Amino acid sequence: DLVFTLRESLKPQKNYIFYCQSCGDIIVKDRKFLRVLPLPSENWNALVEEWCCHPNPFARSTLHPKHDDCFLGDTFFLLNSGNESHKSKENTRVICKRCKTMLGETVSSGTIKYYVTEVIIRPSEGSFSPTPRPQFVQSMVAQCLVELSSAKSTFRFTVKGDNGKTYILIWLLNSDTLLVESLGSSSSHSVSTLFGDIFMPSSGPVRTWNAVKVLYQPCIKSRNKDLADAWENDMGVHPLKFPSETCLELLLILGLSTTSLPPSLRCMNSFQVRNSCY
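What comes next is a walk through the structure. Keep in mind that this is a model prediction, so the values were computed, not measured. (Residues numbered from 1 in each chain as written. Predicted model: local features only at pLDDT ≥ 70, side-chain atom pairs only at ≥ 80, totals over all residues. Heavy atoms only, no water.)

**Details of the packing of helix H3 (residues 133-152) against helix H5 (residues 244-259)**
The contact between H3 and H5 brings their axes to 10 Å, and the two run at 95°. Considered as vectors, H3 and H5 are oriented roughly perpendicular to each other. Taken together, the residues of H5 that come into contact with H3 (itself represented by Arg133, Pro134, Val137, Gln138 and Val141) are Thr246, Glu249, Leu250 and Ile253. Of the residues contributing to the contact of H3 with H5, the split by class is five nonpolar, two polar and two charged. (Axes fitted to C-alpha atoms, helices over the stretch in contact; angles between N-to-C directions. Helix = DSSP H or I, 4+ residues; strand = E, 2+ residues; numbered from the N terminus. Parallel < 35°, antiparallel > 145°, perpendicular 65-115°, else oblique. Contact = heavy atoms within 4.5 Å. Nonpolar A, V, L, I, M, F, W, Y, C, P; charged D, E, K, R; others polar.)

**Structural notes on the pairing of strand E7 (residues 102-108)**
Counting buried residues in E7 gives five out of seven residues, a clear majority hidden from the surface. Bridge count between strand E6 (residues 93-95) and E7: three bridges; the pairing is antiparallel. Each residue of the ladder has a partner; that of Arg93, found in E7, is Glu105. Two successive antiparallel strands, E6 and E7, enclose a turn made up of six residues, where Lys100 displays a positive phi of approximately 65°. (Buried < 20%, exposed > 50% of the residue type's maximum accessible area, 1.4 Å probe, protein only. Pairing = 2+ DSSP bridges.)

**Concerning the sheet that holds strand E2 (residues 26-32)**
The three strands are arranged E2-E1-E9 in an open sheet whose pairing can be described as antiparallel. Two strands bound the open sheet, and with one partner strand each, they are E2 and strand E9 (119-123). On average, adjacent strands in this sheet sit at an angle of 20° to one another, irrespective of strand direction.

**Description of the pattern of salt bridges**
One pass over the full model with this rule turns up ten salt bridges. Of the charged contacts in the structure, one is a salt bridge between Arg133 and Glu249, with a shortest N-O distance of 3.0 Å. In this pair, Arg133 is assigned in helix H3 and Glu249 in helix H5, connecting sequence segments 116 residues apart. According to the relative accessible area criterion, Arg133 is buried, its value standing at 16%. Across the pair Asp229 and Lys225 runs a salt bridge whose closest N-O atoms are separated by 3.0 Å. Linking Asp229 with Lys225, this pair stays in helix H4 (residues 225-232), spanning four residues, or about one helical turn. On the accessibility criterion, Asp229 (35% relative accessible area) is partly exposed. With a relative accessible area of 47%, Lys225 lands in the partly exposed category. Here the salt bridges do not stand alone but share partners, grouping Arg93, Asp162 and Glu245 into one network. (Salt bridge = Lys/Arg side-chain N within 4 Å of Asp/Glu carboxyl O.)

**As for the sheet that holds strand E8 (residues 111-115)**
The strands making up a sheet associate through hydrogen bonds between their backbones, and the pairing can be parallel or antiparallel. Pairing is mixed in the open sheet, where six strands are placed in the order E3-E4-E5-E8-E7-E6. Looking at strand neighbours, the two that pair on one side only are strand E3 (35-38) and E6, the edges of this open sheet. Between one strand and the next, the sheet's axes are offset by a mean angle of 30°, whatever the strand orientation.

**Some thoughts on the nonpolar core**
One finds Phe18, Phe77, Tyr114 and Ile168 to be the most contacted residues of the largest nonpolar core, which totals 46 residues. Top contributing element to this core by residue count: H3, with nine residues. Ignoring anything within four residues of it in the chain, the contact list for Ile168 reads Phe157, Thr158, Val159, Tyr216, Gln217, Cys219, Cys247, Leu250, Leu251 and Leu254. (Core = buried A, V, L, I, M, F, W, Y, C linked by side-chain atoms within 4.5 Å.)

**Some remarks on a nonpolar patch on the surface**
Together, Phe155, Trp171, Leu173 and Met268 make up a nonpolar patch on the protein surface, roughly 360 Å² of accessible area in all. Counting through the fold element by element, Leu173 comes out in strand E11 (residues 166-182). (Patch = residues over 30% accessible without salt bridge, like charges linked within 9 Å, V, L, I, M, F, W, Y side chains within 5 Å. Areas by Shrake-Rupley, 256 points an atom, 1.4 Å probe, with all protein chains shown as cover.)

**With respect to the packing of aromatic side chains**
Two measures describe an aromatic ring pair: the distance that separates the ring centres and the angle between the ring planes. Using the criterion set out here, one finds six aromatic pairs in the structure. Between Phe77 and Tyr114, the ring centres sit 5.8 Å apart and the planes meet at 35°, which makes this aromatic pair tilted. Of this pair, Phe77 sits in strand E5 (residues 76-80) while Tyr114 sits in strand E8, placing them 37 residues apart in sequence. The pair Phe77 / Tyr114 is uniform in exposure class, with both members buried. (Phe/Tyr/Trp six-rings, centres within 6.5 Å; stacked < 30°, edge-to-face > 60°.)

**Details of the environment of Ile95**
With respect to the helices, strands and loops of the structure, Ile95 is situated in strand E6. You can call Ile95 partly exposed: its relative accessible area is 23%. Separated by ten residues in the primary sequence, Ile95 and Glu105 have C-alpha atoms spaced 8.3 Å apart.

**What about the pairing of strand E10 (residues 156-160)?**
Most of E10 is tucked away: four of the five residues are buried. In this structure, E10 lies alongside E11, joined through five bridges in antiparallel fashion. Directly across from Thr158, in E11, lies its bridge partner Leu169. With antiparallel pairing between neighbouring strands as the criterion, E10 and E11 make up a hairpin whose turn holds five residues, including Gly164 at a positive phi of roughly 90°. Of the strand pairs in this sheet, E10 and strand E15 (residues 237-241) are connected by five bridges, and their pairing is parallel. Across the sheet, residue Arg156 finds its bridge partner in E15, namely Val237.

Structure (structure tokens):
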């Protein structure tokens with residue numbers, strides 16, 4: 001139960017607690033939802049003219065949750081702000097009171113957008129246990145890729161920050177990879193990895209993870225600008241928006257994973273290769 005999958009596990013008529021993933025501080029306590037609804041694509045309003053033979057009936061409409069609603073987007077969820085007060089005074093960023101990490105942003109005076117990479121949700125009767133930050137980020141991003149590729153037949157993605165900049169181009173190769181790790185035994189030895197110290201035994205039981213295999217290109221400091229511009233104008237590419245700091249974290253995770261592969265397996269058609277667990 002590494003990650004609480006929103007679309008499958010967040011149900012109406014149940015109480016939930018929202019925690020900051022970085023420090024564990026409680027953001028929303030004992031919230032019960034009467035409705036948990038998926039939001040349409042972020043570009044839905046631009047396509048209305050193709051659906052309707054009359055002027056856009058939704059031109060002035062916005063989708064804002066009521067107090068007992070939770071709306072699920074591709075990389076975020078919307079809540080009615082109620083009595084919560086995490087908004088930064090300088091801008092519309094929503095920050096954690098304890099660790100000052102960006103959790104989301106205000107959409108309107110009564111609506112807050114929380115990013116799925118910044119918040120952990122647990123049933124009120126459950127207990128909170130911290131998850132290493134790199135492990136959590138790659139798992140949530142991998143879940144987004146799997147869900148969107150299945151629902152929209154989309155396999156190319158741009159990872160954008162809340163500042164509007166493109167940080168990474170991702171091409172999903174497959175989502176049915178299985179990673180196997182041997183568990184510790186008497187003949188094991190400790191190895192330091194991205195996710196902390198683990199044991200690499202010569203023999204013993206194993207555990208497995210589902211994983212996705214992706215190709216990616218970094219776009220920071222104007223790298224791959226021509227390719228990024230081409231993907232920006234391609235209708236077959238789906239944008240994924242996260243906090244800018246999280247985009248940089250994800251890029252670091254991708255890079256460290258690539259360097260763990262044999263040199264002959266690190267690149268494919270100028271893209272870098274990466275496996276991500278979820």
